[in-house]
Structure formats: C-alpha cells, structure tokens
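What follows is the residue order along each chain.
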Amino acid sequence: MRVTLERSNLLKSLNHVHRVVERRNTIPILSNVLLKADGASLEMKATDLDLEITEATAAMVEQAGSTTVPAHLLYEIVRKLSDGSEVALTTNPDGNSMTVTAGRSKFSLQCLPEADFPDLTAGAFTHTFRIASNDLKMLIDRTQFAISTEETRYYLNGIFMHAIEGDGGLKLRAVATDGHRLARADIEAPSGCEGMPGIIVPRKTVGEMQKLLDDPDVVVTVEVSEAKIRLTIGSVVLTSKLIDGTFPDYQRVIPSGNDKELTVDCETFAKAVDRVSTISSERGRAVKLALDAGQLTLTVNNPDSGSATEELAVGYDADPLEIGFNAKYLLDITNQLSGSEAVFMLADPGSPTLVRDSAGDDALYVLMPMRV
Amino acid sequence: MSETTHLPGFCRDCLRPTRAAEKRCHGCGSPRLVRHAEIAKLSLAHVDCDAFYATVEKRDNPELVDKPVIIGGGRRGVVSTCCYIARISGVRSAMPMFKALEACPDAIVIKPNMEKYASVGRDVRTLMQELTPLVQPISIDEAFLDLAGTELLHKDSPARTLARFARRVEDEIGITLSVGLSYCKFLAKVASDLEKPRGYSVIGKAEAMDFLAPRPVSTIWGVGKAFEAQLAGDGIKTVGQLQKMEIDTLMRRYGVMGKRLYELSRGDDSRTVHPNEAAKSVSAETTFNTDLSRSEDLVPVLRALSEKVSARLKKAEIAGQTIVLKLKTADFKSRTRNHKLDAPTQLADRIFRTGLHLLEREIDGTRFRLLGIGVTDLTSPEQADPADLVDPLAGRRAVAESAIDKVRAKFGKAALETGYTFGKGRETTPQRDRDK
C-alpha cells in the first residue's frame, strides 16, 4: 500500500474512528485501525466488537492495499505533525510495518494483517429512514444524561428508541432512565420508521453518535434491525450492536394524576439550585423544595458544613408541600429544557414528579424525590 | 527489658517501685518487674489480648486449661486463634486447619462463637475507656491508648496505670493481655508483641534506632510478604540497612512506601490515636470445607454472607455504596471485584444481587476455597435504598426484607430463611468483622 493525503483530512477521519478503540485490549488487533487504500480514497475502520466506525477520505493512491496499525499511536503521530503537511503512508514489502512520512519526520509502525481484523457489518437491516442531524441530536441530548451506568441492569445502559403513535401522528421517541430519573423526547417520525422494532442503543454508541452529529445541516441515514443499528453521516458510517434486553414499561412510570403545578423560570431556578447545593460537596445530597402560594424556598442542609436557603417567586397556588430532590438531577433536567419556563407536576413528597417545558411536551422528565 | 537493674521501675503484680539490684519484688516476691529509663515519660500504649478467642474459651471451660486449643472452622477452615500450648507444636493463626492438626493432632478444635468474643471484647474496651478517652480499637481484641495527661486523673504514671489495668482485666474479666508502651504507635505495637503472653514491654526514644536496627524489614508496618520479597531482591533485609539510606533514594525506589520506610525505620511515627475511627468497610467471608466451583454451591453462601453483612450495617446504622466480592482460588490466589452502586444500600437483597452479578463472571470452572462479600464507601443510611422508578419489585423486596428482619429479631436467625439458603446447611463463619 502506498498512499498520500493531507494531514488535516487524515486527522479529521482518525479523530472520528480512533475513539472507538479501547485503551486497554486483550485482543491485540482491536487496538489497531484498519487502513484500506483503493481508487481515490483511504478508508479507515476501528472497532471494539460492539461498535464500528468507518470513514473514507480523499487520498492519492499510488498502490492500492490495506493494513492495520495501532490506532491511538497513529492518531497521536498525525496530530503532532505540522499543519498543512502531506502525509505518506507506505507499507513495506513483507507487510509487517508501515512508514508514516511527513516533511522530514518519519515513523515506522508495526502492522498486524488485515485479514485478522474483525468485521461487524454482517446481517440485513429491516428498516431505513432519513433524519435531520439536528433532530437526532436533539433526541440524544435530551435523554443521554439519564442513561444508567449500573451494569446489573444492562438493559438501562442505553437509550430506548422506538416509533409510537402519538396525538399528532407517528413519533420517533427516545427514552432513558437509571431508576432515579427518566427522560423522554419525541420528534415527528421520519418516513420509513413505521413498524420499527424498539431498540436500545448502548451508551458508548450514543456518545459517539453525539460527537459525529456536529454538523446540523447533514441528513443522516439510519438503518435498523433487531440486533444492529447503522448510521451514515456523510462519509462516516457507524455500525453498532444493540443491547439485547427488554426495556421496562416506562409509560407506567410517568405519573398522570399529579395535580400540584409549579412553574419556575428555568434559569433563575437552576442558578438558585446550583447556589444552595454549594454547601454540600457530596453528590447525593438532597435539596429541599418548600412550596407555598407563589413562593418556593430551597434548602440544603449539610451536617458537616452548614446550611443554605434561597427564596424564589414562582407560579404555585396548590396546598403547601415539602419535597426533596437530588440537586444534580434537577440541574441535569433544567439544562435540557429549551423553553424559558419549566413546569413541575407534583403529587406528594414520596411520589415521582413530572417536569416539562412550558412551551411543549416534546420532552418530559420524571424525577424520583429523595427523603429530606 | 534491659538487664540493667539500676533503672527505675515497678512490680507488675503489686506495683511497688523496684529497688536497685533486686531481681524479685522485695514486697511480694514476684519476678515480674519492669524497668526502663523512660518509663515515667512514655504514655502511648498498644494493648493486645493474648490468644483472645482461645483464652475466652479456656476461661469458660476450665477443663481446657492445660490442653492445646484451636479456634477455627471445620477441617478445611483456617486457624483463627490457637492457645499458647498449641503454639508449642508449631500451630499458628491463619494456618490451614489440616496443617494445624498435622502439627498438633490432639488439639481441641472449637468453632468460633463471635458473639461471645465480641461481648468480652466490649468489656475489655469499657475498662480501657476508663483509662483515657483516646482509645482507638484496631480489632475486637486490640487497641491503641494514649494516656498522656492522665497522671492527675489516675494519680499515677501511665506505665503504672496500664499495669494496674492489665491486672484488673485478669481479675475481673478473666483473660490476659500484653501491653506495649512507647512514644509512638508503631513501636507500641512492636512492643506489645515482644513478651506475649502477659507481656509488658517498653521501648523508649533513646533506644529506638538500636532496637530496630537488627530486626527484619517485615517489622515495619505496611511491609507484607510481597514487599518484603521486593526489598530482599534489592538486598535490604534489616531495618538497620534502611536507617543508612537517604529518603530521596527510598522514595525514588518505592514511592510513598519509601517515605514510610525512611520514617518508621528511624522510629519516627507521627500518627496519633484516633478514638472512634469509623469503620471503612463491613464484610464477611468464609472458607469452604471443600473447594467449590459451581454456582449452585456458591450462591447460597453468597446469600448467607450478604445477609450477615446487611445485618451488621443495619445494626450499626450505616450504609455502603460499593460492593466488594472476594474470592480465593484453590491455589490461594485472591480475586476481588468491586461494583459501585447509584445509591448507598443496607439491604441484603441489593448486596446479594450485586455480588451475584460480580460472582457470575468469575464462575468458569475455577475452584474456590474462600468467598467473601463486603461493602465500602460507608455513609449514613439517610439516603440509602431510594425508591426506584423502573423496578417496583425492589420496594416490595425491601419491605419483605424488613419483615424477615423483624421475625428474626423475635424468633432467632433460623426462624426464617430465603430459598437461597434454606436446607443448604452451609456454615458461614465470619473471620473478620469490620476492617480498618
């Protein structure tokens, strides 16, 4: 293989693919990126056996061929090469090393045979649809924070996506929960996702998707089967296994009978919560919300350091109520609300509370209270 | 400890001050005299009960007094304590039981009765707390005591107060202990080990360097088998060699431990006595009678141990957020696996389920001789086990567990069991309580 390309193109593509590669690998080939030069492009591919990212970039191919080299090493080398330089990648005749040349720098990297590189892209996809990058990113942004990290409940370690019949027609819905909070976001379903199976997209894949969806004007092609999802975003193709499990019946969790309505100005509320929670360094500390007509008092007590209170004028005219929430969880939600006002629907200090934008209900959140 | 009979001291039996050159107390005739140049100044002590479990058993059954006694679980367990008679035959604690019985075939093996030992340990601790508020328990039967400033209270020097305390424990509780008196924790602990049983050793500041110099590096707190081997590989065998080395060299070679080696080898230990230092973890473990590899054998044990840990957490009103599974393979290799939960827990159900998740990944045909489960990251139980949005059964299991607890509190532990442990009849002998 002998190929020459611009450093910036190579760096951009490597940046997309190398992140998939785990830092520690027991299987050596998984530390490598596959390079394949053919026609007028260089294709790069990296995988962790659950997730695979492929990207092709324009290159001058003098001799077609392929090899695999350590991904993080190649990325670091290219990153440190001077901007605007031309990079030549050449495998030696016996195929066990590849040289990277740019200007007066020359590196020699050990290779592993391309034939050993695992291939994830087997199997047919049952559903295909096209969706605006922005819409898909919105679904992810609004729900990602609620993904569980608890491995014992692996089926919560991702975002549950499915098509569902709503008031205004078919919706594409994303749901994530860790048992303490739940996030749900809807968009109008793009054509093609009718009858799509409910899928759980793993956390790592979600993170990579989010980074790849940085250009709002791109239209993404999504292909789905029972076991896999594939996204084509411009020249990048991401293929991932799905979590093989059953997402719990989240509808049952969303309270419908909560009758105490609280309206707060999102920004003012978030800042106040952030301020009072300063008093407790611990992540799990509760902030107490004491509600009375038109007024909200936030309190945090930390037996080790002191206490904090702040009063806010709010929209509330139901019976007085005291309820506690994890400060971080409150902030996670207010960070995701797009409107200026947040609406809390409360029942009692022990029951789940519903939070949504005053503007609409394309995203809603359920929050479990804490004992205070 | 020195032969020099001109130094100040007293008789440990009648507390009379010694006279120069006498080998026995001129008052009571006892040979148990203690003399030391710094005896009036030292106030930091380490108190350690002698062969604690065995001594308690001998106290309660006088027929055992002149027989070798081993406390430990079953043929396959390990020796948790052995009396001094058994030690003559070469039995040591932590020795596998079959080896101990090879060395001492006529030994009487008694299964540990932890509740009894804990209660005796508490009695001893109560007496310690009458000496000084600065009591730092290390385990059920040993503690550091700082008696500085108690001279006026007890109208006597710390050294004599400790001797009186040792005599009182023998008279009132009926067990013996050893006292190490020094100016720092490290040497107090070393001293208490010098003359066991019924020992009373003093290490002063002036002699610390010379005293330590010929001793093996393993004397130093924190130097275990592996580190000792590493040091030996580097040619360092005695503390004296460390005393000749520079702190820079030691830290470059051994990092933070290098600093400790430098300081402790010179008898320089600034740690103070912290009373009520909170436990860092709560755990329970058991060694099996035969090695186990199948999940149907291991899971019931895990369940029983989880219940034990949970009961201790509930009793101590604490909760933990990280679950630690410990396994030892048939060839004595340790495996520990951790899992951090979203929220702290006290529940046997959560400890067990998390432990099970960790255990399932280890079951691959390997034979295990030991299984343990514990929790760390201890906090108050205030926010433990919050209600869960997606697992409504968790709440019901928690209610069921509290009902089980109530029945057990009334009718005993065996009154109600889960299907995991019922009829399995496996002994789960705790070998450790709360670890520091």
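What counts, and where the lines are drawn
- Residues numbered from 1 in each chain as written.
- Chains lettered and ligands numbered in written order.
- Predicted model: local features only at pLDDT ≥ 70, side-chain atom pairs only at ≥ 80, totals over all residues.
- Heavy atoms only, no water.
- Helix = DSSP H or I, 4+ residues; strand = E, 2+ residues; numbered from the N terminus.
- Rg over C-alpha atoms; globule rule 2.2 N^0.38 Å.
- Buried < 20%, exposed > 50% of the residue type's maximum accessible area, 1.4 Å probe, protein only.
- Contact = heavy atoms within 4.5 Å.
- Areas by Shrake-Rupley, 256 points an atom, 1.4 Å probe, with all protein chains shown as cover.
- Lys, Arg positive; Asp, Glu negative; His and termini not counted.
- Charge placed at Lys NZ, Arg CZ, Asp CG, Glu CD.
- Phe/Tyr/Trp six-rings, centres within 6.5 Å; stacked < 30°, edge-to-face > 60°.
- Lys NZ or Arg CZ within 6 Å of the ring centre and 35° of its normal.
- Polar contact = N/O pair within 3.5 Å; in protein donor to acceptor, adjacent residues only side chain to side chain.
- UniProt positions renumbered as here; feature names shortened; annotations may be inferred.
- Domains from an automatic or database assignment.
- Buried area = accessible area lost by both parts, 1.4 Å probe.
- Salt bridge = Lys/Arg side-chain N within 4 Å of Asp/Glu carboxyl O.
- Expected span 1.5 Å × (residues − 1).
- Arc of directions from axis to C-beta.
- Axes fitted to C-alpha atoms, helices over the stretch in contact; angles between N-to-C directions.
- Parallel < 35°, antiparallel > 145°, perpendicular 65-115°, else oblique.
- Nonpolar A, V, L, I, M, F, W, Y, C, P; charged D, E, K, R; others polar.
- Pairing = 2+ DSSP bridges.

Asks: Provide a residue-level description of the overall build of chain B, including the pertinent values.
Replies: Check the secondary structure of chain B and you find 15 helices and 15 strands. Relative to the globule expectation of 22 Å for 436 residues, the C-alpha radius of gyration of chain B, 24 Å, shows essentially globular dimensions. Taken along its principal axes, the extent of the C-alpha atoms in chain B is 75 × 55 × 50 Å. Among the 436 residues that make up chain B, the fraction classed as buried is 50%. Pairs at least 24 residues apart make up 64% of the contacts formed inside chain B by residues separated by at least 6 positions. Here chain B displays about 20900 Å² of accessible surface, and carbon together with sulfur accounts for 53% of that area. Side chains of chain B give 69 positive and 58 negative charges; the mean places of these two sets differ by 2 Å.

Asks: Which residues make up the packing of aromatic side chains, and what are the values?
Replies: For the structure shown, the criterion picks out 11 aromatic pairs over all chains. Between Phe160 of chain A and Phe247 of chain A, the aromatic rings sit 4.8 Å apart at their centres with planes inclined by 5°, giving stacked as the arrangement. Note that Phe160 of chain A is positioned in strand 11 (residues 158-166) and Phe247 of chain A in the loop between strand 17 (236-241) and strand 18 (260-265), a separation of 87 residues in sequence. Ring geometry for Phe227 of chain B versus Tyr254 of chain B: centroids 5.6 Å apart, planes at 80°, classification edge-to-face. On the criterion of sequence distance, the pair formed by Phe227 of chain B in helix 9 (residues 225-233) and Tyr254 of chain B in helix 11 (residues 247-254) is long-range, its members being 27 residues apart. Pair check on accessibility: Phe227 of chain B and Tyr254 of chain B agree, each one buried. Put simply, the rings of Phe160, Phe247 and Tyr250 of chain A touch in pairs and so form one group of aromatic residues. In this structure, Arg260 of chain B packs its charged tip against the face of Trp221 of chain B, placed 3.8 Å from the ring centre.

Asks: Which residues make up the environment of Ala189 of chain A, and what are the values?
Replies: All names here are of chain A. With respect to the element layout, Ala189 can be found in the loop between strand 13 (181-188) and strand 14 (199-202). In sequence terms Ala189 and Lys171 are 18 residues apart; their C-alpha atoms lie 4.3 Å from each other. When near neighbours in sequence (up to four residues on either side) are disregarded, Ala189 contacts Leu170, Lys171 and Leu172.

Asks: Could you give me a rundown of the environment of Thr132 of chain B, with the residues and numbers involved?
Replies: Residue and element names in this part refer to chain B. With respect to the helices, strands and loops of the structure, Thr132 is situated in the loop between helix 4 (114-131) and strand 7 (135-139). Look at Thr132 and you get buried, because its relative accessible area is 4%. The sequence separation of Thr132 and Lys196 amounts to 64 residues, and the corresponding C-alpha distance is 24 Å. For Thr132, the contacting residues outside a window of four places in its chain are Leu145, Asp146, Leu147 and Thr150. Looking at Thr132, its side chain comes within polar contact range of the main-chain nitrogen of Leu134, at 2.9 Å.

Asks: Let's hear about the UniProt feature "site: Substrate discrimination" (unreviewed entry) in chain B: which residues, and what values?
Replies: Look at the UniProt record and you will see "site: Substrate discrimination" (unreviewed entry) annotated at Tyr53 of chain B. Looking at the element boundaries, Tyr53 of chain B is found in helix 1 (residues 52-60).

Asks: I'd like a description of the domain arrangement of chain A, backed by residues and values.
Replies: Residue and element names in this part refer to chain A. Each assigned domain of chain A is listed here: domain 1 (2-116), domain 2 (127-252) and domain 3 (254-367). Distance from the C-alpha centre of domain 2 to the C-alpha centre of domain 3: 27 Å. Opposite the 15 residues of domain 2 that make contact, domain 3 presents 14 residues. Roughly 1300 Å² of surface becomes buried between domain 2 and domain 3 when both sides are summed, with 48% attributable to carbon and sulfur atoms. It is Arg142, Arg181 and Arg184 in domain 2 that bury the most area against domain 3; as a group they hold 47% of the surface buried on that side. Inspection of the region where domain 2 meets domain 3 yields 2 salt bridges. Of the charged contacts, one joins Asp332 and Arg181 as a salt bridge, the two residues approaching to 2.9 Å between their closest N and O atoms. Remark: the boundary between domain 2 and domain 3 carries 8 residue pairs in polar contact (both at pLDDT 80 or more). For the side of domain 2 that touches domain 3, the secondary structure elements donating two or more residues are helix 3 (133-143) and strand 13.

Asks: How would you sum up the UniProt feature "domain: DNA polymerase III beta sliding clamp N-terminal" (unreviewed entry) in chain A? Please name residues and give values.
Replies: Within this structure's numbering, the places UniProt gives as "domain: DNA polymerase III beta sliding clamp N-terminal" (unreviewed entry) are residues 1-120 of chain A. Structurally, residues 1-120 of chain A comprises 18% helix and 46% strand, and the distance from its first C-alpha atom to its last is 24 Å.

Asks: Before we move on, could you go through the side chain of Thr418 of chain B and cite the residues and values that matter?
Replies: As for its position among the elements, Thr418 of chain B is in the loop between helix 15 (392-411) and strand 15 (434-435). Residues in contact with Thr418 of chain B, not counting those within four places in the same chain, are Arg303, Glu307 and Ile404 of chain B.

Asks: Can you break down helix 15 of chain B residue by residue, with the values?
Replies: All names here are of chain B. An ideal rise of 1.5 Å per residue puts 28 Å on 20 residues; helix 15 measures up with 29 Å between its terminal C-alpha atoms. All buried positions along helix 15 are accounted for by Glu401, Ile404 and Arg408. Buried residues of helix 15, viewed axially, fall in a sector of 60°; they line one side. Opposite the buried face of helix 15, at more than 90 degrees from it, the exposed residues are Arg396, Val399, Lys406, Ala409 and Lys410. In this structure, the buried residues of helix 15 make contact with helix 13 (295-316) and helix 14 (348-360).

Asks: Requested: an account of the packing of helix 1 of chain B against helix 4 of chain B, with residues and values cited.
Replies: Residues and elements named next belong to chain B. Two elements in contact, helix 1 and helix 4, have axes whose closest approach is 10 Å; the angle formed by their N-to-C orientations is 95°. Classified by the angle between their axes, helix 1 and helix 4 sit roughly perpendicular to one another. Side by side, helix 1 and helix 4 meet where Phe52, Tyr53, Val56, Glu57, Arg59 and Asp60 of the first sit next to Met114, Lys116, Tyr117, Val120 and Gly121 of the second. Grouping the constituent residues of the contact of helix 1 with helix 4 by class yields 6 nonpolar, 1 polar and 4 charged.

Asks: Break down the sheet that holds strand 6 (residues 108-110) of chain B for me, citing the residues and quoting the values.
Replies: All names here are of chain B. Sheet architecture is open: 3 strands sit in the order 5-4-6, paired in mixed fashion. The two strands at the open ends of the sheet, each matched to only one other strand, are strand 5 (79-82) and strand 6. Within the sheet, the average angular offset between the axes of one strand and its neighbour, ignoring direction, is 30°. Pairing between strand 4 (residues 69-72) and strand 5: 3 bridges, direction antiparallel. In the strand pairing of strand 5, Ile70 is matched with Cys82.

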